[in-house]
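Chain and residue survey
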Amino acid sequence: MTARLLTALALGTVLVAPAHADTQVGVTMTAFDNPFLTILLGGIRAEAARMEGVSLAVEDAELDVAQQLSQVQNFIANGIDAIIVNPVDGDSTMAITQAVTAAGIPLVYVNHPPADIDALPEGASFVGSNEIDSGTMQTEQVCEMLGGEGIAVVMMGPLENHAALTRTEDIHAVLGRPECAGIEVVEEQSANWSRVEAQDLMTNWLTRGVAFDAVIANNDEMAIGAIQAMKAAGFDMEDVVVAGIDATPDGLLAMQAGELDVTVYQNATRQGEVALETAMRMANGESTERRIWIPFEPVTPDNIQDYLN
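Presented here is an overview of the structure given in this document.

Thresholds applied
- Residues numbered from 1 in each chain as written.
- Predicted model: local features only at pLDDT ≥ 70, side-chain atom pairs only at ≥ 80, totals over all residues.
- Heavy atoms only, no water.
- Helix = DSSP H or I, 4+ residues; strand = E, 2+ residues; numbered from the N terminus.
- Rg over C-alpha atoms; globule rule 2.2 N^0.38 Å.
- Buried < 20%, exposed > 50% of the residue type's maximum accessible area, 1.4 Å probe, protein only.
- Contact = heavy atoms within 4.5 Å.
- Areas by Shrake-Rupley, 256 points an atom, 1.4 Å probe, with all protein chains shown as cover.
- Axes fitted to C-alpha atoms, helices over the stretch in contact; angles between N-to-C directions.
- Parallel < 35°, antiparallel > 145°, perpendicular 65-115°, else oblique.
- Left-handed = near helix turned anticlockwise from the far one by under 90°.
- Nonpolar A, V, L, I, M, F, W, Y, C, P; charged D, E, K, R; others polar.
- Disulfide = S-S within 2.5 Å.
- Pairing = 2+ DSSP bridges.
- Phe/Tyr/Trp six-rings, centres within 6.5 Å; stacked < 30°, edge-to-face > 60°.
- Salt bridge = Lys/Arg side-chain N within 4 Å of Asp/Glu carboxyl O.

**Focus on the overall build of the protein chain**
Looking only at helices and strands, the protein chain has 10 helices and 12 strands in total. Relative to the compact-globule value of 19 Å for 309 residues, the protein chain shows a C-alpha radius of gyration of 21 Å, a close match. Here the C-alpha coordinates of the protein chain stretch approximately 70 × 35 × 35 Å along the principal axes. A total of 309 residues make up the protein chain; the buried ones form 53% of that total. Contacts in the protein chain between residues far apart in sequence, at least 24 positions, make up 71% of those at least 6 positions apart. Accessible surface, the protein chain as shown: approximately 13,100 Å² in total, 50% of it carbon and sulfur.

**Observations regarding the packing of helix α5 (residues 131–146) against helix α6 (residues 162–175)**
Two elements in contact, α5 and α6, have axes separated by 8 Å at closest approach and are oriented at 45°. Taken together, the axes of α5 and α6 lie oblique to each other. Here α5 and α6 pass one another in a crossing that is right-handed. Here E131, I132, D133, S134, G135, T136, Q138, T139 and E140 of α5 lie close against α6, whose contacting residues are A163, T166, R167, D170, I171, V174 and L175. A breakdown of the residues in the contact of α5 with α6 according to their chemical character gives 5 nonpolar, 6 polar and 5 charged.

**Comments concerning the state of the cysteines**
If you walk through the whole model with that rule in mind, you get 1 disulfide. At a sulfur-sulfur separation of 2.1 Å, the disulfide partner of C143 is C180. Between C143 and C180 the sulfur-sulfur dihedral comes to about -105°; the bridge is accordingly left-handed. Of this pair, C143 sits in helix α5 while C180 is found in the loop between α6 and β7 (182–190), placing the two residues 37 residues apart along the sequence. In this structure, C143 and C180 share a single accessibility class: buried.

**What about the sheet that holds strand β9 (residues 241–243)?**
Judged by pairing direction, the sheet is parallel, and its 4 strands sit side by side in the order β7-β6-β8-β9 without closing on themselves. The open sheet is flanked by β7 and β9, the only strands paired with a single partner. Between one strand axis and the next, the sheet turns through 15° on average, direction left out of account. Lying on the sheet, α5 is in contact with β6 (149–156), β7, β8 (214–217) and β9; it crosses β8 at an angle near 175°.

**Concerning the packing of aromatic side chains**
Evaluation of the coordinates by the stated rule reveals 3 aromatic pairs. With centroids separated by 5.9 Å and ring planes inclined at 75°, the aromatic side chains of F126 and W293 adopt a geometry described as edge-to-face. With F126 in strand β5 (residues 124–128) and W293 in strand β11 (residues 291–293), this residue pair connects regions lying 167 residues apart in the sequence. The class of F126 is buried, set by a relative accessible area of 0%.

**Structural notes on the pattern of salt bridges**
Within this structure, the stated rule accounts for 13 salt bridges. A salt bridge links R167 to D246, with the nearest nitrogen and oxygen atoms 3.7 Å apart. Taken together, the positions of R167 in helix α6 and D246 in the loop between β9 and α9 (249–256) put the pair 79 residues apart, joining distant regions of the chain. An identical accessibility class is assigned to R167 and D246; each is buried. Between D250 and R195 there is a salt bridge whose closest N-O contact spans 2.8 Å.

Below, the structure written as structure tokens:
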């Protein structure tokens, strides 16, 4: 903590002035090579550039829970003023929350909810989008495009990932509605958010002769991998509905090409901006909400122009 913040806490005052030049924020990301998280980190960096005297220490956890915890411990040991964590695994966050809050350092989780989201202590917040909306919006669009009838395959993110689990639960909840109950899921497997793994998975399904009318993927990268495999197999993309989530630049390009039919805009840039804004408010002694939601928005060919830069 800065001397300024310690003095303010001792006096019982609340600081609302801009951060001073010695304000350092530690950021640990799940992985640098994830396109969506690259955009999110860009939002954090852009917001830092707009703030006076804020420096970032950014680390790549490389999908390693233990490495991420070690990075957080190093931030604490180095006297960082606030910490932003994009968790590798939501179920592993208890140790991070305990360590950071025990040190009296503001903590902001971003994008991937921590397991203890319902019991975050004073000095900790979560910034993200409500996953109940994402898979729901996605599958509602698929149901409408199929007229409530057909066969679907589902590509999931990592099985331990909160967003992947919630998005998949959303799919089944929508398909359980009377107007969508004519859609049957015949395959459901994880491709770990990966374009390459999704391409391999789709190739395997096609080799086995799996027939389907729709591909519902937990993110755009997997949807694109599925598209690549189908195109390699000679599919006419007009004969299948493909849905993703995140509205990444590559996802929007695929939609412009007539290959991706549905995605859901998750504002990664804004999540990053608000995560840093929240961290700085807490570093300045202000209280914040425990959960700060950045809304999802459905994207189809009908409204894609609203999401192109």
